[in-house]
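Coordinate inspection notes
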Amino acid sequence: MSQNIESHLVENRVIKPSRDFSKNARIKNMAEYRRMHEASIKNPAKFWAAEAAELQWGRKWKLVLQWKEPFAKWFEGGTINAAENCVDRHAEGDRKNKAAIIWEGEPGEKRTITYGQLRREVSLFANVLKRNGVKKGDRVIIYMPLIPEAAIAMLACARIGAVHSVIFGGFSADSIRDRVADCGATCVVTADGGYRRGSIVPLKQNVDTALAGNKAVKRVIVYRRANNEIPMTKGRDVWWHDEVKHVKADCPIVHHDSEHPLFVLYTSGSTGKPKGILHTTGGFLVQNYSTSKYIFDLREDDIYWCTADVGWVTGHSYLVYGPLAAGATCFMYEGAPNWPEPDRFWQIIEEYGITILYTAPTAIRAFIKWGDEWVDKHDLSSLRLLGSVGEPINPEAWMWYYRKIGGERCPIVDTWWQTETGAIMISPLPGATPLKPGTATLPFFGIDAAVVDNDGKEVPANVGGKLVIRQPWPSMLRTIYGDRARYKKTYWGEIPGFYVSGDGARRDKDGYFWIVGRLDDVLNVAGHRLGTSEIESALVSHELVAEAAAVGRPDEIKGQGVVVFVTLKTGVKPSNELKTNLRNHVGKVIGAIAKPDDIHFAEALPKTRSGKIMRRLLKEIAAGGEVKGDVTTLEDYTVLAKLSAQE
Ligand code: WTA
């Protein structure tokens, strides 16, 4: 039986960058990309050193990379401060009065914070942390709504060398308890509440529940956001607005070692128990700065909107550190995309003149499902560049995004990366790369990505295999917090010398990378190994389908049968006839081998809170059993109950 993943989905559309876009872009054509990429792979240290030199360092590094597999040290001997690079260096000179953060709350409040003001806010809060006993190296939990203070708290930690661990505001008390314990936090920064679809999320209450019996956390600093009534524990809890009255707005920069920890971020992906991914300062900042600059091709007058929450790595890298290091104006919105109506995003783009939108396929599929009329109400002509991250984007969803949102004018950067990689690894460069719907295209400078078999040998074009990275990169995770053995085994243990991403992929004849899904999810049907994303994309290409998830189910004859869960566009009625049509449609697009054995219509699919479909849970349902695995990362528990109950 073949160990390789087979690929059947063929996508022939190619969209070249417009001359107008290329003319002004940093990288203007493929020859330039190829030349730079080749040179950067031959001598990564040279490329990264040149990028690093654009940032501000306390002391310059002695060695660009020290590599003792699988442990990397980047810019060894150098000292740097992330807050200085993201804030202070823009707070002097031309950008002083430029907006750093423009924010809108879900109830509609608007705030603009210039780089000059941001320096003041970050310095004040850094002093508040110090006043409350937080020292360099201490772990600080940040559990906040998506308000500017979340970014301010992160940057304040970075300023004094405290290690932040942001927990998404949608996580429960149990998740907080586990994370606080795992990283040994001594301080929690939170808010009374945050807004989500018109109601108040009781953040402080969740913190109180999580900290019951905890003796390690000495301080809880509470920002007043929603004005909901909350109890304050004497001796432990203090108000943000009271504390800032006692400190000065001056907090001199201290430079930290390049390898000083910047943050721990817990990730579970779609499987298993959360791991604390540790990132350090210098390398993380360099790669985030560099990718923001080249991939979003940032201009001084851009208004850049990354829709991710700070609780995810995308919020760390491309809402806070990357774009701010590049001196960009970042837009931030607190709430849900369909509140009060499904056109909130389009209204925001029109009102603020957003020029770059970076969002996730799960959101794009939701917009398609809600209907074009919500988009048509607004003028989106300010947009010039679109981005996607988090999952493979189905080609039909890509085309919709390109046409309906981008007006066939905006390139789409489909960016592949992971919490572990810390920054974008594979992505088009918008002025150079010819695009194909559904692929993240080619590796970024200095990134040696490949698709290999189990022995680490590159597979031929259009044959599926494991997506690996063959050389260390600056923003790579340094370890799993407190578990070096697990780090080594999980990421570097499978193929000697290679980082194994856990994703399946293939490269087409042009060398473009197509992610076919997580390897844990690969189906094995009568000896054919099929990635989940192709079957799902085939279904999404049917005009009545909004979203689909494919999983395997034990089958006596074929080994595994294909079971799909399908959500239909708003207003479409499920029927047996439609099931037959969908089965035939998959047969036509991919081939008989991928025809689903079973189709379930669902109102919604179970997803992680960052929007990834949890196929592991669907697999248990498809096999006819109950869901027994860990469901703590599930976004909406009622979805599971509905799925289990239906035929
Ligand atoms: C998936 C998010 C296809 C992939 C930054 C990866 C993608 C996992 C893409 C990491 C993309 C992310 N195309 N798949 N453009 N981007 N993925 O840690 O399976 O939340 O391994 O980081 O998301 O998810 P994470």
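Heads up: the structure comes first, above all this text.
The structure reproduced in this document is the subject of the present report. On a predicted model such as this, the values are computed, not experimentally measured, just so you know. (Residues numbered from 1 in each chain as written. Predicted model: local features only at pLDDT ≥ 70, side-chain atom pairs only at ≥ 80, totals over all residues. Heavy atoms only, no water.)

Quick look at the overall build of the protein chain now. When you go through the protein chain residue by residue, the secondary structure sums to 20 helices and 31 strands. Computed over C-alpha atoms, the radius of gyration of the protein chain comes to 24 Å, within 12% of the 26 Å expected from 2.2 N^0.38 for 647 residues, which places it in the range of a compact globule. C-alpha atoms of the protein chain, sized along the principal axes, occupy 70 × 55 × 50 Å. The buried share among the 647 residues of the protein chain stands at 62%. A fraction of 72% describes how many contacts in the protein chain between residues 6 or more apart in sequence connect residues 24 or more apart. Of the roughly 24,300 Å² of accessible surface on the protein chain, 49% is carried by carbon and sulfur atoms. Positive and negative side-chain charges in the protein chain, numbering 85 and 77 respectively, have mean positions lying 5 Å apart. (Helix = DSSP H or I, 4+ residues; strand = E, 2+ residues; numbered from the N terminus. Rg over C-alpha atoms; globule rule 2.2 N^0.38 Å. Buried < 20%, exposed > 50% of the residue type's maximum accessible area, 1.4 Å probe, protein only. Contact = heavy atoms within 4.5 Å. Areas by Shrake-Rupley, 256 points an atom, 1.4 Å probe, with all protein chains shown as cover. Lys, Arg positive; Asp, Glu negative; His and termini not counted. Charge placed at Lys NZ, Arg CZ, Asp CG, Glu CD.)

Turning our attention to helix H6 (residues 148-160). For H6, spanning 13 residues, the distance from its first C-alpha to its last is 19 Å, which sits close to the expected 18 Å at 1.5 Å a residue. Most of H6 sits out of view: 13 of its 13 residues are buried. Gly 161 sits one or two positions beyond H6 and adopts a positive phi of about 85°. (Expected span 1.5 Å × (residues − 1).)

What follows is about the sheet that holds strand S22 (residues 449-452). On the basis of which strands lie adjacent, the open sheet formed by four strands has the order S22-S23-S25-S26 and antiparallel pairing. The sheet is open, and its two edges are formed by S22 and strand S26 (513-518), each paired on a single side. Ignoring which end each strand starts from, the neighbouring axes of this sheet average 45° apart. Where strand S25 (residues 499-507) lies against S26, five bridges are found, and the strand directions are antiparallel. Counted as the bridge partner of Gly 504 is Gly 517 from S26. Strands in contact with helix H17 (residues 532-540) are S25 and S26; relative to S26, the strand with the most contacts, it is inclined by about 100°. (Pairing = 2+ DSSP bridges. Axes fitted to C-alpha atoms, helices over the stretch in contact; angles between N-to-C directions.)

Pairing within the open sheet is mixed, and its seven strands lie in the order S6-S5-S18-S17-S19-S20-S21. Because the sheet does not close on itself, it has two edges, and the strands there are strand S6 (110-114) and strand S21 (412-414). Strand-to-strand twist of the sheet, defined as the mean angle between neighbouring strand axes without regard to direction, takes the value 20°. Note that strand S19 (residues 356-359) and strand S20 (residues 385-388) share four bridges and pair parallel. For Ile 356, the partnering residue across the bridge sits in S20 and is Leu 385.

As a packed pair, helix H13 (residues 361-370) and helix H15 (residues 395-405) sit with axes 10 Å apart at the nearest point and diverge in direction by 75°. The angle between the axes of H13 and H15 places the two elements in the roughly perpendicular class. On H15, the residues that touch Ile 364, Arg 365, Phe 367 and Ile 368 of H13 are Ala 397, Trp 400 and Tyr 401. Looking at side-chain class alone, the contact of H13 with H15 contains six nonpolar, no polar and one charged residues. (Parallel < 35°, antiparallel > 145°, perpendicular 65-115°, else oblique. Nonpolar A, V, L, I, M, F, W, Y, C, P; charged D, E, K, R; others polar.)

This part is about unusual backbone geometry. Residues apart from glycine generally show negative phi values, whereas peptide bonds are mostly found in trans. In this model, Glu 69 is joined to Pro 70 through a cis peptide bond whose omega is -5°. Relative to the helices and strands, Pro 70 resides in the loop between strand S2 (63-68) and strand S3 (71-76). Following Trp 339, the chain continues into Pro 340 via a peptide bond in cis, with omega recorded as -5°. Counting through the fold element by element, Pro 340 comes out in the loop between strand S18 (329-333) and helix H12 (344-352). Backbone geometry at Glu 408 places phi at a positive 55°, although glycine is not the residue there. Among the structural elements, Glu 408 can be located in the loop between H15 and S21. Phi angles above zero are rare outside glycine, and Asn 462 is one such case at about 65°.

Attention shifts here to the environment of Ser 317. Following the sequence through the fold, Ser 317 ends up in helix H11 (residues 313-325). The spacing of Ser 317 and Thr 291 is 26 residues in sequence and 9.8 Å in space, taken between C-alpha atoms. Residues in contact with Ser 317, not counting those within four places in the same chain, are Phe 284, Asn 288, Gly 322, Pro 323, Trp 417 and Gly 422. At 2.7 Å, the side chain of Ser 317 and the backbone oxygen of Gly 422 are in polar contact. (Polar contact = N/O pair within 3.5 Å; in protein donor to acceptor, adjacent residues only side chain to side chain.)

A surface patch of like charges, here positive, comprises Lys 68, Lys 73, Arg 484 and Lys 488. In this fold, Lys 73 is placed in strand S3. Residue Lys 73 is classed as partly exposed on the basis of its relative accessible area of 36%. (Patch = residues over 30% accessible without salt bridge, like charges linked within 9 Å, V, L, I, M, F, W, Y side chains within 5 Å. Salt bridge = Lys/Arg side-chain N within 4 Å of Asp/Glu carboxyl O.)

Considering the arrangement of structural elements, one finds Asn 214 in the loop between helix H8 (203-211) and strand S12 (219-223). Between the C-alpha atom of Asn 214 and that of Thr 570, which follows or precedes it by 356 residues, the distance is 46 Å. In this structure the side chain of Asn 214 is engaged in a polar contact, spanning 2.8 Å, whose partner is the backbone nitrogen of Val 217.

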